[in-house]
Amino acid sequence: MDVGQVGFHRQKDVKLVKAIKKDAEVLNAINKTKREEFPDLAAEKDSRNLEQINDNKATIIERRKKEKHEKEEHIRQKELREYAALMKPSKMKSNQESNEDLEEDFM
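In every chain, residue numbers begin from 1 and rise along the written sequence. Note on the predicted model: pLDDT of at least 70 is required for a residue's local features to be given, and 80 or more for side-chain atom pairs to be given and counted; whole-chain, interface and lining totals, by contrast, use all residues. Heavy atoms from the whole structure form the basis of all side-chain values; hydrogens and water molecules are not counted.

Peer 1: Any chance you could explain a nonpolar patch on the surface here in plain terms?
Peer 2: Here a patch means residues that are over 30% exposed by relative accessible area and free of salt bridges, tied together within 9 Å if like-charged and within 5 Å if nonpolar (Val, Leu, Ile, Met, Phe, Trp, Tyr). Areas reported as accessible are Shrake-Rupley estimates using a 1.4 Å probe. Residue values count occlusion only from the protein chains shown. We define a salt bridge as a side-chain nitrogen of Lys or Arg found within 4 Å of a carboxyl oxygen belonging to Asp or Glu. Together, Tyr 83, Leu 86, Met 87 and Met 92 make up a nonpolar patch on the protein surface, roughly 480 Å² of accessible area in all. Working definition: helices are DSSP H or I runs of at least four residues, strands are E runs of at least two. Numbering for both runs from the N terminus. Checked against the element boundaries, Met 87 lands in the loop between helix 2 (41-81) and helix 3 (95-106). Classification of residues uses two cut-offs on accessible area relative to the type maximum, computed with a 1.4 Å probe and protein chains only: under 20% is buried, over 50% is exposed, and between them is partly exposed. What makes Met 87 exposed here is its relative accessible area of 53%.

See the structure below:
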């Protein structure tokens, strides 16, 4: 066998096809509609990479805003759960001052 020649294990399974004649009308119609493009692949790649970078930046900025908002909401919820807002000196009363009134009402 020559180099590059294809060999088959069973010759019975081999199907031979005769060369068919080319149809000139069909080929002409195809060639008329054929167009060759020579795009600047490097420029397209650079623009695609730039778009991806901008999209990634936008998603990162959006995620950071969301995290900041969630953190602020968490802090606000935490302050609502604490008693720090209730423990203001203006709202506090001493038991020493009102102790006499309570003892008189008891008896």
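Peer 1: For this particular structure, what's the right way to read the pattern of salt bridges?
Peer 2: Two side chains bearing opposite charge may form a pair once their charged atoms approach each other closely. A complete count under the given rule lists four salt bridges for this structure. Here Arg 63 makes a salt bridge to Glu 67, at a shortest N to O gap of 4.0 Å. Residue Arg 63 and its partner Glu 67 are both found in helix 2; the two are separated by four residues, about one turn of the helix. Assessed through its relative accessible area of 46%, Glu 67 is described here as partly exposed. Across the pair Glu 73 and Arg 76 runs a salt bridge whose closest N-O atoms are separated by 2.7 Å. Here Glu 73 pairs with Arg 76, and both are found in helix 2, just three residues apart, close to one helical turn. By relative accessible area, which is 30% here, Glu 73 ends up partly exposed.

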